[in-house]
Amino acid sequence: MNITHKIKTFLFVTLRIWKYKLLSDCKNVTGKPNLFHPLLLKGKGKISFGKNVQIGVVASPNFYSHYTYLEARNSDSEITIGDNVSINNAFSAVAFSKITIQNNVLIGVNCAIIDNDGHNLEIDKRNYDEIKSEAVFIAENVFLGDDVTILKGVTIGKNSVIGNGSIVTKSIPENVIAAGNPVKVIRYLQP
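**Some words on the sheet that holds strand 3 (residues 39-42)**
Then step 1. Taken in spatial order, the 6 strands line up as 3-6-9-12-15-18 in an open sheet, and their pairing is parallel. Where the open sheet ends on each side, the last strands, each with one partner, are strand 3 and strand 18 (167-168).
Then step 2. Bridge analysis of strand 9 (residues 92-95) against strand 12 (residues 112-114) gives 3 bridges, and the strand direction is parallel. Across the sheet, the residue bridging to Val-94 is Ile-114, located in strand 12.

**A few points about the sheet that holds strand 19 (residues 176-180)**
Then step 1. Sheet architecture is open: 8 strands sit in the order 2-5-8-11-14-17-19-20, paired in mixed fashion. What marks the edges here is a single partner per strand, and that holds for strand 2 (34-35) and strand 20 (183-188).
Then step 2. Alignment of strand 5 (residues 54-55) against strand 8 (residues 86-87), held across 2 bridges, turns out to be parallel. Bridge pairing in strand 8 links Gln-54 to Ser-86.

**Notes on helix 1 (residues 3-23)**
Then step 1. Taking 1.5 Å per residue as the helical rise, helix 1 with its 21 residues ought to reach 30 Å, and the 29 Å between its terminal C-alpha atoms agrees with that figure.
Then step 2. By the largest-angle criterion, Phe-10 marks the main kink of helix 1, which is about 40°.
Then step 3. Buried within helix 1 we find Val-13, Arg-16, Ile-17 and Tyr-20.
Then step 4. One side-chain oxygen of the residue at the start of helix 1 lies 3.2 Å from the amide nitrogen of Thr-4, identifying that residue as Asn-2.

**What to know about a nonpolar patch on the surface**
Then step 1. A cluster of nonpolar side chains, Ile-3, Ile-7, Phe-10, Leu-11, Phe-12, Leu-15, Trp-18 and Tyr-64, forms an exposed patch at the surface whose accessible area comes to about 830 Å².
Then step 2. Here Leu-15 is to be found in helix 1.
Then step 3. For Leu-15, a relative accessible area of 33% translates into the label partly exposed.

**Concerning the packing of aromatic side chains**
Then step 1. Evaluated as defined, the whole model comprises 3 aromatic pairs.
Then step 2. Between Phe-10 and Trp-18, the aromatic rings sit 5.7 Å apart at their centres with planes inclined by 85°, giving edge-to-face as the arrangement.
Then step 3. Judged by centre distance (4.8 Å) and plane angle (80°), the ring pair of Phe-63 and Tyr-64 falls under edge-to-face.

**Some points on the environment of Gly-180**
Then step 1. In this fold, Gly-180 is placed in strand 19.
Then step 2. Taking the relative accessible area as the measure of exposure, Gly-180 reaches 29% and is therefore partly exposed.
Then step 3. Once you skip the residues sitting within four places of it in the chain, Gly-180 turns out to touch Ser-166 and Ile-167.

**Description of the pairing of strand 6 (residues 68-72)**
Note on strand geometry: in a regular strand, side chains alternate between the two faces of the sheet.
Then step 1. The element strand 6 is largely enclosed, with a buried count of 4 among its 5 residues.
Then step 2. Of the strand pairs in this sheet, strand 3 and strand 6 are connected by 4 bridges, and their pairing is parallel. Within strand 6, the residue paired with Lys-42 across the bridge is Glu-71.
Then step 3. Judged from the 4 bridges that link them, strand 6 and strand 9 form a sheet pairing that is parallel. Bridging across to strand 9, Ala-72 finds its partner in Ala-95.

**Looking at unusual backbone geometry**
Then step 1. Omega for the bond connecting Asn-181 with Pro-182 falls within 30 degrees of zero, at -5°, which places this linkage in the cis form.
Then step 2. The phi torsion at Asn-62 lies on the positive side, around 70°, for a residue other than glycine.
Then step 3. Take Asn-62: it is sitting in the loop between strand 5 and strand 6.
Then step 4. Positioned with a positive phi, Asn-141 is a non-glycine residue whose angle comes to about 65°.

**Re the environment of Tyr-67**
Then step 1. Of note, Tyr-67 is situated in the loop between strand 5 and strand 6.
Then step 2. Given a relative accessible area of 31%, Tyr-67 falls into the partly exposed group.
Then step 3. Separated by 51 residues in the primary sequence, Tyr-67 and Arg-16 place their C-alpha atoms 8.9 Å from one another.
Then step 4. Filtering out sequence-adjacent residues up to four positions away, Tyr-67 remains in contact with Arg-16, Tyr-20, His-37, Pro-38, Leu-40, Ala-90 and Phe-91.

Each value, and the rule that gives it
Residues numbered from 1 in each chain as written. Predicted model: local features only at pLDDT ≥ 70, side-chain atom pairs only at ≥ 80, totals over all residues. Heavy atoms only, no water. Pairing = 2+ DSSP bridges. Helix = DSSP H or I, 4+ residues; strand = E, 2+ residues; numbered from the N terminus. Expected span 1.5 Å × (residues − 1). Bend = angle between axes of the 7 residues up to and from the residue. Buried < 20%, exposed > 50% of the residue type's maximum accessible area, 1.4 Å probe, protein only. Polar contact = N/O pair within 3.5 Å; in protein donor to acceptor, adjacent residues only side chain to side chain. Patch = residues over 30% accessible without salt bridge, like charges linked within 9 Å, V, L, I, M, F, W, Y side chains within 5 Å. Areas by Shrake-Rupley, 256 points an atom, 1.4 Å probe, with all protein chains shown as cover. Salt bridge = Lys/Arg side-chain N within 4 Å of Asp/Glu carboxyl O. Phe/Tyr/Trp six-rings, centres within 6.5 Å; stacked < 30°, edge-to-face > 60°. Contact = heavy atoms within 4.5 Å.

As structure tokens, then:
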């Protein structure tokens, strides 16, 4: 590695990683992911990482311009990420209750997991803190393509693949390929 490359890496990667560590305010974090991309950890809840969790991919879009955002909003909120999980750039997960990502999951660029509505959907209650939340569960060996959004109450079964650009509004069984908006099963995989 030449000196120019080392300087670029320090200025455009390492300093950004440090910046987002300083901006993080979640105090209940266990495990230590391998950071190739900035990671911002927010909220009063618990965020845990298994072994060999990779955050960011160098040779992928949004590497220099985005960051990964994990928020366990309330004191009883939780985000759990298992072993050998690879998360590409510009990922976000916001948990009001619980988001679980099991072992050996691959997550593409610009994916989002949200276990809540963000605001109350009733017109006269949108500015109140009563927000509906349902846990999200991503089983082991799942592959999420780029630009996938997973909404509250969804379970994605073991070994399944979610195609690029999909909006997942309902649970998906194991051993399938699903895609679309809203997502639907398009093919079964051999277990």
